[in-house]
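Summary of structural features
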Amino acid sequence: MSNPNFTPEHIAMMKNVLIEHVPHAKAIGMTVEDAKRGEAWLSVPYSENLIGNPETGVIHGGVITSLLDNACGIAVQLALAERQSIATLDLRIDYMKPATPKLGLMAHTHCYKVTKNIAFVRGTAYHTDEDDPIAACVGTFMLAANRAIPVPVTAEAMKILAKNKDGAA
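Heads up: these notes are all about the structure in this document. (Residues numbered from 1 in each chain as written. Predicted model: local features only at pLDDT ≥ 70, side-chain atom pairs only at ≥ 80, totals over all residues. Heavy atoms only, no water.)

Some thoughts on the pairing of strand 2 (residues 39-44)
Here is the rule: Here the term buried applies to any residue with accessible area under 20% of the maximum for its type, exposed to any over 50%, and partly exposed to those in between, with areas from a 1.4 Å probe on protein chains only. Put simply, DSSP marks the helices as runs of H or I at least four residues long and the strands as runs of E at least two long, and each gets a number from the N terminus on. Whether two strands pair comes down to DSSP finding at least two bridges between them.
Burial analysis of strand 2 places 6 of its 6 residues in the buried class, which makes it a mostly covered element. The two faces of strand 2 match: E39, W41 and S43 on one face and A40, L42 and V44 on the other face are all buried. Looking at chain direction, strand 1 (residues 31-36) and strand 2 are connected through 5 bridges and run antiparallel. Bridged to V32 within strand 2 is L42. Hairpin remark: strand 1 followed by strand 2, antiparallel, with 2 residues in the connecting loop; positive phi at G38, about 75°. Strand direction decides the pairing type here: strand 2 and strand 6 (residues 105-114), joined by 6 bridges, are antiparallel. Opposite A40, over in strand 6, you have T109 as the bridge partner.

Side note on the environment of V32
Relative to the helices and strands, V32 resides in strand 1. With 10 residues separating them in the primary sequence, V32 and L42 have C-alpha atoms 4.5 Å apart.

Looking at the nonpolar core
As a reminder, the rule being used: Think of a nonpolar core as a cluster: buried Ala, Val, Leu, Ile, Met, Phe, Trp, Tyr and Cys residues, connected wherever their side-chain atoms sit within 4.5 Å.
Residues M30, L42, L68, I74, V76 and L105 are the most contacted members of the largest nonpolar core, which totals 39 residues. For this core, the secondary-structure elements that each account for two or more residues are strand 1, strand 2, strand 4 (58-59), helix 3 (61-79), strand 6, strand 7 (118-126) and strand 8 (135-143). Of the residues forming this core, the biggest block, 11 residues, is contributed by helix 3.

Points about helix 3
Quick note on the threshold: What a helix is expected to span follows from its residue count: subtract one and scale by 1.5 Å.
Taking 1.5 Å as the rise per residue, helix 3 with 19 residues should run 27 Å; its terminal C-alpha atoms sit 27 Å apart, in good agreement. Within helix 3, 15 of the 19 residues are buried, leaving the element largely enclosed by the surrounding structure.

Quick word on the sheet that holds strand 7
Convention followed: For every element, the axis is a line fit to its C-alpha atoms; helices are fit only across the contacting stretch, and the angle between N-to-C directions ranges from 0 to 180 degrees. A contact between two residues is defined here by any heavy atoms of the two lying within 4.5 Å.
Here 6 strands make up an open sheet; going across it, the order is 1-2-6-7-8-5 and the pairing antiparallel. Of all the strands in the sheet, just strand 1 and strand 5 (86-95) have a single pairing partner and so form its edges. Across the sheet, the axes of successive neighbouring strands diverge by a mean angle of 20°, strand direction being ignored. With respect to the sheet, helix 3 is in contact with strand 1, strand 2, strand 5, strand 6, strand 7 and strand 8, its orientation differing from that of strand 6 by roughly 40°.

Don't take any of this as a statement about function, it's just geometry.
Spelled out as structure tokens, the structure:
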């Protein structure tokens, strides 16, 4: 199966599904910039209330962690055959350099393997060039993490997510 084409309209519609139910993500201004099967690109704009060290103006490392964790989770959701609850089992982040003051953050993550119970993801956080990362991550996510009913999804978003049923990521 070829990858479904996520148009800007699809991405806008899916933002409610992928970000709106995560209060912390909303609070720091996280946005889904792009998505495709098993991959997600998210951003967080620079904001002075996200600074970790007022003397340097560098965004706090926890914001980078949150960005990568959410981006990984979205990549997993976009790789699954059907929506289900997931939980982060392990997320290793290697910080390579401090973020540059006054610049927003981007993350690109890819879910490269899904088994019966676990999904495997890798990704990077960067400013403008993915080949010049601020941080790199690898993570594992537990599938069917709880018995909670996932947040309701619009019929159109369900059609898009259903395209994942025909193949592995």
